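Single-letter residue listing:
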Amino acid sequence: MKHKVLLVTSNDHKLKEFQAMMDESMFELISLKDVGYTEEIIEDQLTYHDQAVKKVAALIELHPELIIIADDSGIEIEAFEYGPGIYSARFKPEMTQHERNQWICEQCFQTKQSHAAFVCAIACYIKDQPIFVTVNRCFGYIANEPSHDFGFGYDPIFAPEGYQETFQMLPSSIKNRISHRALAIQALMHYLKGVL
Ligand code: IMP
């Protein structure tokens, strides 16, 4: 029997990445759209850990029988004193994502401070268990310029350690093995297989 897992997101790109990385033979992934949840969960926590837990907690009373997972992620960049971090989704809101990406590349190039890391926290609720949380980082650097004017968030400007290409240029099979989200999902799978 497959276990139903509710992923607390309305972001289709994240859903796709989770789908590609979770063991399909064991888990059926559903999203907020599938359960008709449309309320906004305010991102006011000060750590990735607490924000991921908050997202999970918002759904427990409504769906106590489901496994519920949520992630919170961000990018940490040397040129911005390792920000914007938890504020990544709200960084430089006056710019489009492409403008923001170009600007970040310029700042990193000018200051020669291009070390960076993507971070992902995943929280998981299973009935009668304490909430599980894992926080993982993928280290790398900011490219001199965006690899393209489209792509998921900061993917066009982040190259993981050991690669010349950005996440946007690399095949998804590589990103899905080494990324911050991949590492967190691997830890989640290990946990889930242990308790189920
Ligand atoms: P949140 O986890 O929904 O709060 O998103 C955090 C921010 O980080 C958003 O602006 C995302 O676009 C960005 N982000 C998180 N993970 C990735 C990724 O794997 N690639 C590109 N951008 C990402």
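You'll find the structure just up there.
(A) Spatial organisation of helix α3 (residues 97-111). In this model α3 runs 21 Å from its N-terminal to its C-terminal C-alpha over 15 residues, within 8% of the 21 Å that 1.5 Å per residue would give. Among all positions of α3, only R100, N101, I104, C105 and C108 are buried. Each buried residue of α3 lies within a common arc of 135° when the element is viewed along its axis, so the set occupies one face. Residues of α3 that are exposed and point more than 90 degrees away from the buried face comprise F109 and Q110.

(B) Focus on the pattern of salt bridges. Summed over the entire model, instances satisfying the criterion amount to 12 salt bridges. Put simply, K193 and D23 hold a salt bridge, and the shortest N to O gap is 3.1 Å. In this pair, K193 sits in helix α5 (residues 180-195) while D23 sits in the loop between α1 (12-21) and β2 (27-31), placing the two residues 170 residues apart along the sequence. The class of D23 is partly exposed, set by a relative accessible area of 25%. Two residues, E76 and R137, come together in a salt bridge whose shortest N-O distance is 3.1 Å. Here R137 lies in strand β6 (residues 132-142) and E76 lies in strand β3 (residues 67-77), a separation of 61 residues in the sequence. Connected via shared salt-bridge partners are K14, E17, D71, D155, K175 and R181.

(C) Region of the structure containing helix α2 (residues 48-60). Taking 1.5 Å of rise per residue, 13 residues should cover 18 Å, and α2 covers 19 Å from first to last C-alpha, within 8% of that figure. Buried within α2 we find Y48, Q51, A52, K55, V56 and L59. Buried residues of α2 fall within an arc of 135° about the axis and therefore sit on the same side. Of the surrounding elements, those touching the buried residues of α2 are β1 (3-7), α1, β3, β4 (83-85), β5 (115-125) and β6.

(D) A look at the site of the ligand. The immediate surroundings of the ligand are formed by 15 residues, with K14, S73, D155, K175 and R181 found nearest. Residue E43 places a side-chain N or O atom 3.3 Å away from an oxygen atom belonging to the ligand. For the ligand, a nitrogen atom lies 3.2 Å from a polar atom in the side chain of H180. For the ligand, whose free accessible area comes to 490 Å², the fraction covered by protein is 90%. Of the pockets mapped on this structure, the ligand occupies the largest pocket.

(E) Quick look at the packing of α1 against α5. Across the interface, α1 lies against α5 with an axial gap of 10 Å and an inter-helix angle of 50°. As judged from the angle between their axes, α1 and α5 are oblique. When the axes of α1 and α5 are compared, the crossing they make is right-handed. Across from K14, E17, F18 and M21 in α1, the residues of α5 making contact are R181, A182 and I185.

Rules used throughout
Within any chain, residue numbers begin from 1 and follow the written order of that chain's sequence. Owing to the predicted nature of the model, reporting of local features is limited to residues with pLDDT of at least 70; listing and counting of side-chain atom pairs is limited to 80 or more, with chain, interface and lining totals taken over all residues. Hydrogen atoms and water are omitted, and side-chain values are computed over all heavy atoms in the structure. Helical segments are the DSSP runs of H or I of at least four residues, strand segments are the runs of E of at least two, and each set is numbered from the N terminus. Every helix has an expected span of 1.5 Å times one less than the residues it contains. Burial classification: accessible surface area is computed with a 1.4 Å probe over protein chains only, and a residue below 20% of its type maximum counts as buried, one above 50% as exposed, and the rest as partly exposed. The arc refers to the directions leading from the helix axis to the C-beta atoms. We define a salt bridge as a side-chain nitrogen of Lys or Arg found within 4 Å of a carboxyl oxygen belonging to Asp or Glu. Here, two residues are considered to be in contact whenever any of their heavy atoms come within 4.5 Å of each other. Each residue is tested against the molecule or strand, and it is near if at least one of its non-hydrogen atoms lies within 4 Å. Counting of polar contacts relies on pairs of N or O atoms within 3.5 Å, with two restrictions inside protein: one atom must be capable of donating a hydrogen and the other of accepting it, and residues adjacent in sequence are counted only when both atoms are side-chain atoms. Accessible surface is estimated by sampling points in the Shrake-Rupley manner with a 1.4 Å probe; for residues, cover comes only from the protein chains shown. Only protein atoms enter the 1 Å grid used here. Points where a 1.4 Å probe fits but cannot escape make up a cavity, open sets with protein on both sides within 12 Å along at least five of seven lines make up a pocket, and a residue lines them when an atom lies within 4 Å of a point. Cavities and pockets are treated as containing a molecule whenever more than half of the molecule's atoms lie within 2 Å of their grid points. Orientation is described by lines fitted to C-alpha atoms, with helices fitted over the stretch in contact, and by angles between N-to-C directions that extend from 0 to 180 degrees. For this classification, under 35 degrees means roughly parallel, over 145 means roughly antiparallel, 65 to 115 means roughly perpendicular, and everything else is oblique. A crossing counts as left-handed when the near helix is turned anticlockwise from the far one by less than a right angle, and as right-handed when that turn is clockwise.

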